[in-house]
Amino acid sequence: KQFSRANAGKYSWLTGLMKCAKCGYALKINYVKSEDKYYLICSGKSNFAICDNRISVNLRELENYIADKIDKMLNEAPPDDVIPATKKYSTEILDIEQKIERLVNALAESGDIAVSYISKQIESLHKSRDELMKRSRSEPTKISKLDFKTLSFEDKKIIVAEFIDKILIVVEC
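Residues numbered from 1 in each chain as written. Predicted model: local features only at pLDDT ≥ 70, side-chain atom pairs only at ≥ 80, totals over all residues. Heavy atoms only, no water.

Undergrad: Requested: an account of the environment of Asn 47, with residues and values cited.
TA: Its location among the elements puts Asn 47 in the loop between helix 1 (43–46) and helix 2 (59–75). Separated by 22 residues in the primary sequence, Asn 47 and Tyr 25 place their C-alpha atoms 10.0 Å from one another. Of note is the side chain of Asn 47, whose polar atom sits 3.0 Å from the side chain of Lys 28. Of the polar contacts made by the side chain of Asn 47, one reaches the side chain of Ser 46; its length is 3.2 Å. (Helix = DSSP H or I, 4+ residues; strand = E, 2+ residues; numbered from the N terminus. Polar contact = N/O pair within 3.5 Å; in protein donor to acceptor, adjacent residues only side chain to side chain.)

Undergrad: Now, about the side chain of Lys 19: what can you tell me, with residues and values included?
TA: Assignment of secondary structure puts Lys 19 in strand 1 (residues 18–20). Summary of buried charges: Lys 19 has no salt-bridge partner, and the nearest side chain of opposite charge, Asp 165, is 8.9 Å away. In terms of polar contacts, Lys 19 uses its side chain to reach the backbone carbonyl oxygen of Gly 16, at 3.4 Å. Once you skip the residues sitting within four places of it in the chain, Lys 19 turns out to touch Gly 24, Tyr 25, Ala 26, Leu 27, Lys 166, Ile 167, Leu 168 and Ile 169. (Buried < 20%, exposed > 50% of the residue type's maximum accessible area, 1.4 Å probe, protein only. Lys, Arg positive; Asp, Glu negative; His and termini not counted. Salt bridge = Lys/Arg side-chain N within 4 Å of Asp/Glu carboxyl O. Contact = heavy atoms within 4.5 Å.)

Undergrad: Which residues make up helix 5 (residues 153–163), and what are the values?
TA: For helix 5, the complete set of buried residues consists of Lys 156, Lys 157, Ile 159 and Val 160. Buried residues along helix 5 sit in contact with helix 2.

Undergrad: Describe the pairing of strand 3 (residues 37–42), listing the residues and the values that go with them.
TA: Side chains Tyr 38, Leu 40 and Cys 42 of strand 3 all project onto a buried face; the interleaved residues Lys 37, Tyr 39 and Ile 41 project onto a face where none is buried. Hairpin connection, strand 2 (residues 27–32) to strand 3: the antiparallel pair is bridged by four residues, and Asp 36 has positive phi, about 55 degrees. (Pairing = 2+ DSSP bridges.)

Undergrad: Could you give an account of the packing of helix 2 against helix 5, with specific residues and numbers?
TA: Running from N to C, helix 2 and helix 5 cross one another at 75 degrees; their axes reach a closest spacing of 12 Å. Regarding the angle of helix 2 to helix 5, the classification is roughly perpendicular. On helix 5, the residues that touch Ile 70, Met 73 and Leu 74 of helix 2 are Ile 159, Val 160 and Phe 163. Partitioning the contact of helix 2 with helix 5 into residue classes produces six nonpolar, no polar and no charged. (Axes fitted to C-alpha atoms, helices over the stretch in contact; angles between N-to-C directions. Parallel < 35°, antiparallel > 145°, perpendicular 65-115°, else oblique. Nonpolar A, V, L, I, M, F, W, Y, C, P; charged D, E, K, R; others polar.)

Undergrad: Give a description of the pattern of salt bridges that names residues and reports values.
TA: In total, this model carries seven salt bridges according to the counting rule given. With a closest N to O distance of 2.8 Å, Glu 63 and Arg 60 form a salt bridge. You can see Glu 63 and its partner Arg 60 sitting in helix 2, three residues apart, about one turn around the helix. Under the relative-accessibility criterion, Glu 63 is labelled buried at 7%. Classification of Arg 60 as partly exposed rests on a relative accessible area of 30%. Linked by salt bridges that have partners in common, Glu 97, Arg 129 and Asp 130 make up one network.

Undergrad: Can you tell me about the packing of aromatic side chains, naming the residues and giving the values?
TA: Under the definition given, this model contains four aromatic pairs. Centre to centre, the rings of Tyr 11 and Tyr 38 are 6.1 Å apart; their planes meet at 35 degrees, and the pair counts as tilted. Separated by 27 residues along the polypeptide, Tyr 11 in the segment before strand 1 and Tyr 38 in strand 3 bring together distant segments of the chain. Taking the relative accessible area as the measure of exposure, Tyr 11 reaches 44% and is therefore partly exposed. (Phe/Tyr/Trp six-rings, centres within 6.5 Å; stacked < 30°, edge-to-face > 60°.)

Undergrad: Go over the pairing of strand 2 with me, naming the residues and quoting the values.
TA: In this sheet, strand 3 lies alongside strand 2 in antiparallel orientation, the contact comprising six bridges. Within strand 3, the position partnered with Asn 30 by the bridge is Tyr 39.

Undergrad: Break down the side chain of Asp 71 for me, citing the residues and quoting the values.
TA: Following the sequence through the fold, Asp 71 ends up in helix 2. Nearest to the buried, unbridged Asp 71 among oppositely charged side chains is Lys 149, at 4.6 Å. Leave out the neighbours within four places in its chain, and Asp 71 touches Leu 146, Asp 147, Phe 148 and Lys 149.

Rendered as structure tokens:
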């Protein structure tokens, strides 16, 4: 079994995600100086001679293809005003949730008389929390769309890791 090295790559933001479709081993990056190009090589073939997959994929072409697909997905995301402004109210909501949790714990240890008072307080806090949640949804936060191709190498690695589990490269016919 191979260990994942998804964040170790320095030649491509796809490093660690690319796998041979035939044997499942990771693909290594090979730089051909005479052509000034990066190609992919199956680790199962080069390290263990257990695979006969002949991969002839130009890494930069693959990156451009995937970048185009990610840009398309990002552009198809909902408009900016659909995203709720939960960060603005998050500390207040968290504070109310902590109070509710403390009251619930107190409720478990209290007598019959205190139960009604604690329950009323929990209901009041719950209503306040719901009101803050409604307000946060009605006041959208403006965010700008991401342009994937202009992001830094590290940012691309983070975004790609969110969108892609693995990329299987098949034999070229």
